[in-house]
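Okay, here's what each chain looks like letter by letter:
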Amino acid sequence: MKSRPTSGVHLTGWGAYAPSQVLTNADLERMVDTNDEWIVSRTGIRERRIAGPGETTASMAAVAGLRAIATAGLGPDDIDLIIVGTLTPDYQMPSTAALVKDAIGNKRAAAMDVAAACSGFVYGYATAQAYVASGMARHVLVIGAETLSRYTDFSDRTTCILFGDGAGAVVLSASDEPGGTLGIEIRTEPSGAYFIWLPGGGSSRPPTASTIAAGEHFMKMKGAETFKMAVRTLGSTALASLSRAGIELADVDLVVPHQANIRIIEALARSLDFPMARVFVNVECYGNTSAASVPMALSEAVAAGRVKKGDRLLFVAFGSGLTSGAITLEWTADPAAFSRAADIGPEDVTVMPGYLGPVNPFPPALEWLRRDAAASSGRNPDLDVRDIKPAAKGPPAAASRPG
Ligand code: ACO
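## Considering the packing of helix 3 (residues 57–71) against helix 4 (residues 96–103)
Taken N-terminus to C-terminus, the directions of helix 3 and helix 4 make an angle of 55 degrees; their axes are 9 Å apart at the nearest point. Our classification of the angle between helix 3 and helix 4 gives oblique. Our pair here, helix 3 against helix 4, has a crossing hand that is right-handed. Contact residues: helix 3 offers T57, A58, S59, A61, A62 and G65, while helix 4 offers T96, L99, V100 and A103. Split into classes, the residues belonging to the contact of helix 3 with helix 4 amount to six nonpolar, four polar and no charged.

So this is what it looks like as structure tokens:
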């Protein structure tokens, strides 16, 4: 890696991937005691995407990552460092980033995951910024990717209505041109550490039959406490990032917030006295995709014509920890560059399998959804599962393909 510090770090590429399977509020009404009116009025969410059995966090991250690299006008081997923000890695180890490196065909990057829950993308961006600004890397791929459906208790109506799957990515590059990243603030408030958490499976509660029976492998949340802390933290973190950037909130053209809940986003805008017309919202289509939500929203905002050269953008997120983070930047890329990634899809990535053989990771509680979706498209649902290839002994030759 190079060691010459650079004066500027620019967002040069962006991309996203959402799995095709849709879980609507009407679907959830069939599973738990809830209704569309409650979900929409309390959260703004109408539907979310669910990863297919052939998809994992690494496979979705790789598609979003390849799209971001193409948008930047680069090839996979131009990337010096790959950072994946996720709370739903494929495995405890190796890192999801290591699997992504192989899946996108990069031969030279270092790769690591960042664990900051829903703030994972912003924390990853801050880490990438430091690497590029110091000269340790020239191009860094930052991905936020989640398969939350596999950590969700679909019998718990207080959480299962909130979360969805997907991935988003950006490339940060060194450049001496003006603009690019202007200010970053990242924070952690452990007083809220257990407001949203996943109790089982770590060194404090190693997985056993009893932790599984107690559902400790699913996310738990104190919704109201999380809500209040989120609103309080998001505003002050955003303002601190603007202050570091040396610009006023009035100078911001578009805020791209973490898409957890429309009421949290609206409360943030109200507390800052900032118009909702300049806040990008897509929570209705994807729910809370945790670390993926800001880069997925960014890609949609650019595709929708909401971002142009010279615009000041503010990304702001919060998550378990409780973590929060905000990035202020001046956009310098050509928004039309995303057309370079138009042909990239799941068929372009191959995640190397482990050696334990085929499993169907699809949540059993949603099995009916997968079968219904397959039947309505005339597909044999069992083919989805057979697409998860048996692991190869020795060097992995077999591949699992996202559905
Ligand atoms: N359908 C119908 N009723 C429900 C549902 C549901 N899905 N869920 C809860 N209720 C009921 C509750 O049981 C309660 O009933 P009660 O008054 O009879 O006891 C009532 O609705 C109100 O419940 P609250 O929890 O007070 O509802 P609230 O208005 O706070 O909304 C929500 C809940 C949407 C979870 C909200 O608190 C929230 O969004 N919190 C933030 C969550 C969040 O953003 N988490 C992500 C953190 S980021 C990360 O790191 C993953």
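## Some remarks on the confidence of the model for the chain
With 93% of its residues at a pLDDT of at least 70, the chain reaches an overall mean of 92. Across residues 390–403, where pLDDT falls below 50, the model places 39 contacts with residues more than four positions away in sequence or in other chains.

## Notes on the sheet that holds strand 1 (residues 9–17)
If you trace the five strands from one edge of the open sheet to the other, you get 1-7-6-4-5, paired in mixed fashion. At either margin of the open sheet sits one strand with a lone partner, and together these are strand 1 and strand 5 (110–114). Each strand axis lies, on average, 20 degrees off the axis of its neighbour in the sheet, ignoring direction. Pairing analysis gives eight bridges linking strand 1 to strand 7 (residues 165–174), with the strands arranged antiparallel. The residue bridging W14 from the neighbouring strand is V170, located in strand 7. The strands that helix 3 touches are strand 1, strand 4 (81–85), strand 6 (139–147) and strand 7; relative to strand 7, the one it contacts most, it runs at about 35 degrees.

## Thoughts on unusual backbone geometry
For the bond from M93 to P94, the omega torsion is 5 degrees, close enough to zero to count as cis. Backbone geometry at A117 places phi at a positive 50 degrees, although glycine is not the residue there. Despite not being glycine, S290 shows a phi value in the positive range, around 55 degrees. Locating S290 in the fold gives a position in the loop between helix 10 (283–286) and helix 11 (293–303).

## Looking at the environment of A365
Of note, A365 is situated in the loop between strand 13 (323–330) and helix 12 (367–376). Between the C-alpha atoms of A365 and F154, which are 211 residues apart in sequence, the distance is 6.4 Å. Sequence-distant contacts of A365, defined by excluding residues within four places in its chain, comprise M31 and F154.

## Regarding the site of the ligand
For the ligand, the set of nearby residues contains 22 residues, the closest of which are T34, A117, G223, A260 and G319. When residues of the shell around the ligand are traced back to their parent elements, those giving at least two are helix 2 (36–43), helix 6 (157–160) and helix 8 (223–245). The dominant element in the shell around the ligand, judged by the number of residues it contributes, is helix 8, at five residues. Within the shell around the ligand, the residues separate by chemical class into ten nonpolar, ten polar and two charged.

## Brief notes about the environment of G345
Here G345 shows up in the loop between strand 13 and helix 12. Owing to 13 C-beta atoms within 10 Å, G345 belongs among the partly exposed residues under this scheme. Along the primary structure G345 and V63 are separated by 282 residues, whereas in three dimensions their C-alpha atoms are 6.2 Å apart.

## Section: helix 8
The terminal C-alpha atoms of helix 8, which comprises 23 residues, lie 32 Å apart, in line with the 33 Å expected from a rise of 1.5 Å per residue. Of all the positions in helix 8, only T226, A230, T233, L234, G235, T237, A238, S241, L242 and A245 are classed as buried. Packing partners of the buried residues in helix 8 comprise strand 8 (180–188), strand 9 (196–197), strand 10 (220–221), helix 9 (262–272), strand 12 (312–319) and strand 13. A positive backbone phi angle near 75 degrees is found at G246, which sits one or two residues after helix 8.

## Some points on helix 9
Every buried residue belonging to helix 9 is among I264, I265, L268 and L272, and all of these are buried. For helix 9, the angular spread of the buried residues around the axis is 100 degrees, confining them to a single face. Of the surrounding secondary structure, the elements contacted by the buried residues of helix 9 are helix 8 and strand 11 (254–257). Looking one or two residues beyond helix 9, the residue adopting positive phi is D273, at roughly 55 degrees.

## Here we look at the sheet that holds strand 11
With respect to topology, four strands assemble into an open sheet ordered 8-13-12-11, the strand pairing being mixed. Both outer strands of the open sheet, strand 8 and strand 11, are each paired with one neighbouring strand and no more. On average, each strand axis in the sheet is inclined to that of its neighbour by 10 degrees, with strand direction left out of account. Across eight bridges, the pairing between strand 12 and strand 13 is antiparallel. By the bridge assignment for strand 13, L313 is matched with L329. Helix 8 rests against strand 8, strand 12 and strand 13 of the sheet, and its axis sits at about 145 degrees to strand 8. Here helix 11 sits on the sheet in contact with strand 11 and strand 12, set at roughly 145 degrees to strand 11.

Here is what the cut-offs are and how they apply
- Residues numbered from 1 in each chain as written.
- Predicted model: local features only at pLDDT ≥ 70, side-chain atom pairs only at ≥ 80, totals over all residues.
- Axes fitted to C-alpha atoms, helices over the stretch in contact; angles between N-to-C directions.
- Helix = DSSP H or I, 4+ residues; strand = E, 2+ residues; numbered from the N terminus.
- Parallel < 35°, antiparallel > 145°, perpendicular 65-115°, else oblique.
- Left-handed = near helix turned anticlockwise from the far one by under 90°.
- Contact = placed C-beta atoms within 7 Å.
- Nonpolar A, V, L, I, M, F, W, Y, C, P; charged D, E, K, R; others polar.
- pLDDT = per-residue confidence, 0-100.
- Pairing = 2+ DSSP bridges.
- Near = placed C-beta within 6 Å.
- Buried ≥ 20, exposed ≤ 12 C-beta atoms within 10 Å, placed from the backbone.
- Expected span 1.5 Å × (residues − 1).
- Arc of directions from axis to C-beta.

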